[in-house]
Amino acid sequence: DAGITQSPRHKVTETGTPVTLRCHQTENHRYMYWYRQDPGHGLRLIHYSYGVKDTDKGEVSDGYSVSRSKTEDFLLTLESATSSQTSVYFCAISEYGRGSGNTIYFGEGSWLTVV
Amino acid sequence: GENVGLHLPTLSVQEGDNSIINCAYSNSASDYFIWYKQESGKGPQFIIDIRSNMDKRQGQRVTVLLNKTVKHLSLQIAATQPGDSAVYFCAENIVTGGFKTIFGAGTRLFVKA
């Protein structure tokens with residue numbers, strides 16, 4: 001298994017509260033990603049990082065922010081959680097950013113419920 | 001494709017039989033493909049990959065076939081076991097237009113004992 005640890009694994013929070021999900025990797029991979037997975041939508045990219053302090057938006061970035069202060073850590077923050085952000089969040093890593101060989105490895109997921 | 005209906009396609013096979021799971025990918029510029037297995041409550045797990053310059057690649061009990069003419073990918077699982085029950089989905093890496101990996105919605109495999 002890829003050395004990816006997500007925390008918390010499960011969280012219930014109230015609408016309007018801030019939430020931070022943490023991802024820690026031990027593979028020293030340059031690229032890190034946050035995806036959400038919802039029925040009917042598959043995996044959708046929220047944000048990704050291509051290096052320390054280098055991040056970019058994915059296809060569903062509204063309402064989310066990220067930070068990467070160290071190679072091994074990638075944080076996803078919901079500034080003010082909404083019920084539409086109830087989902088399973090997966091952190092992922094890859095050694096390369098694109099093309100052949102860009103295998104993306106996933107963490108075990110963080111289940112977030114916004115009530 | 002990226003957006004599919006709520007209900008995943010389902011494949012039900014008898015234990016010991018071979019399974020074939022199919023995936024239609026979207027972009028002729030994709031040069032790298034991956035199959036993932038996702039068990040309930042867990043993250044997607046890498047199974048096998050294939051580059052666009054190959055037609056077939058074999059792993060342990062799994063084979064991936066790539067048909068670029070019709071943009072079709074398949075995963076064959078030999079002697080399917082109960083532990084193979086999961087959702088399987090493919091991913092494609094698109095070379096042009098910036099960074100993009102597209103994930104399929106998946107197929108749910110049930111293995112009957």
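As a reminder, the structure under discussion sits directly above these lines.
Scoring rules and cut-offs
- Residues numbered from 1 in each chain as written.
- Chains lettered and ligands numbered in written order.
- Predicted model: local features only at pLDDT ≥ 70, side-chain atom pairs only at ≥ 80, totals over all residues.
- Heavy atoms only, no water.
- Helix = DSSP H or I, 4+ residues; strand = E, 2+ residues; numbered from the N terminus.
- Pairing = 2+ DSSP bridges.
- Axes fitted to C-alpha atoms, helices over the stretch in contact; angles between N-to-C directions.
- Phe/Tyr/Trp six-rings, centres within 6.5 Å; stacked < 30°, edge-to-face > 60°.
- Buried < 20%, exposed > 50% of the residue type's maximum accessible area, 1.4 Å probe, protein only.
- 1 Å grid on protein atoms, 1.4 Å probe; cavity = no way out; pocket = protein on both sides within 12 Å on 5 of 7 lines; lining within 4 Å.
- Points joined across faces, edges and corners; volume = space filled by probe spheres on them.
- Disulfide = S-S within 2.5 Å.
- Salt bridge = Lys/Arg side-chain N within 4 Å of Asp/Glu carboxyl O.

(A) Inspection of the environment of Leu45 of chain A at higher detail. Counting through the fold element by element, Leu45 of chain A comes out in strand S5 (residues 42-51). Between the C-alpha atom of Leu45 of chain A and that of Glu59 of chain A, which follows or precedes it by 14 residues, the distance is 5.6 Å.

(B) Broad picture of the sheet that holds strand S7 (residues 64-70) of chain A. Residue and element names in this part refer to chain A. One open sheet holds the four strands; their spatial order is S1-S3-S8-S7, and the pairing between them is antiparallel. In this open sheet, the two strands that pair with only one neighbour each are strand S1 (4-7) and S7. Going from strand to strand, the sheet's axes swing by 20° on average, the running direction of each strand aside. Two elements, strand S3 (residues 19-25) and strand S8 (residues 73-78), share six bridges in a ladder whose sense is antiparallel. Within the sheet, the bridge partner assigned to Cys23 lies in S8 and is Phe74.

(C) Quick peek at the sheet that holds strand S6 (residues 62-67) of chain B. Residues and elements named next belong to chain B. Sheet architecture is open: four strands sit in the order S2-S7-S6-S5, paired in antiparallel fashion. In the strand order of this sheet, the two ends are held by strand S2 (19-24) and strand S5 (56-58), each with one partner. For this sheet, the mean inter-axis angle between neighbouring strands, taken without regard to orientation, is 15°. Both S2 and strand S7 (residues 72-77) contribute to a ladder of six bridges, which runs antiparallel. Along S7, the bridge assignment pairs Ala24 with His72.

(D) Just the packing of aromatic side chains, in detail. In this structure the tally under the stated criterion is 15 aromatic pairs over all chains. Taking the centre distance of 5.9 Å and the plane angle of 65° together, the rings of Tyr64 of chain A and Tyr89 of chain A count as edge-to-face. You can see Tyr64 of chain A sitting in strand S7 and its partner Tyr89 of chain A sitting in strand S9 (residues 87-94), a full 25 residues away along the chain. Pair check on accessibility: Tyr64 of chain A and Tyr89 of chain A agree, each one buried. Members of the aromatic cluster, joined through ring pairs, are Tyr33, Tyr35, Tyr48, Tyr50, Phe90, Phe106 and Trp111 of chain A together with Tyr36, Phe89 and Phe103 of chain B.

(E) Geometry of the layout of surface pockets. Estimated volume of the largest pocket: approximately 570 Å³. In terms of lining, the largest pocket is formed by 32 residues, of which the most central are Gln37 of chain A together with Leu8, Gln38, Val87 and Arg108 of chain B. The set of elements that each furnish at least two residues to the lining of the largest pocket consists of strand S4 (31-38), S5, S9 and strand S11 (110-114) of chain A together with strand S8 (86-94) and strand S10 (107-112) of chain B.

(F) Expanded view of the state of the cysteines. Residues and elements named next belong to chain B. Tallied over the full model, the rule gives two disulfides over all chains. Here Cys23 is linked by a disulfide to Cys90, with a sulfur-sulfur distance of 1.6 Å. Pair noted here: Cys23 is in strand S2 and Cys90 is in strand S8, with a separation of 67 residues, a long-range link.

(G) Spotlight on unusual backbone geometry. Here the residue pair Ser7 of chain A and Pro8 of chain A is connected by a cis peptide bond, since its omega of -5° sits within 30 degrees of zero. Position of Pro8 of chain A among the secondary structure elements: in the loop between S1 and strand S2 (10-13). Phi at Asn28 of chain A takes a positive value of approximately 60°, unusual for a residue other than glycine. If you trace the backbone, Asn28 of chain A turns up in the loop between S3 and S4. In this structure, Lys71 of chain B is a non-glycine residue whose phi angle is positive, near 55°. Tracing the sequence through the fold places Lys71 of chain B in the loop between S6 and S7. On the accessibility criterion, Lys71 of chain B (28% relative accessible area) is partly exposed.

(H) Quick peek at the pattern of salt bridges. In total, this model carries seven salt bridges over all chains according to the counting rule given. Between Arg57 of chain B and Asp49 of chain B there is a salt bridge whose closest N-O contact spans 2.2 Å. Using a relative accessible area of 35% as the deciding quantity, one classes Arg57 of chain B as partly exposed. Residue classification places Asp49 of chain B among the buried residues on the basis of a relative accessible area of 13%. Two residues, Arg61 of chain B and Asp84 of chain B, come together in a salt bridge whose shortest N-O distance is 2.9 Å. With Arg61 of chain B in the loop between S5 and S6 and Asp84 of chain B in the loop between S7 and S8, the pair connects residues that are 23 residues apart, well separated along the chain. Each of Arg22, Lys70 and Asp73 of chain A takes part in one network of salt bridges that share partners.

Just distances and angles here, no functional claims.
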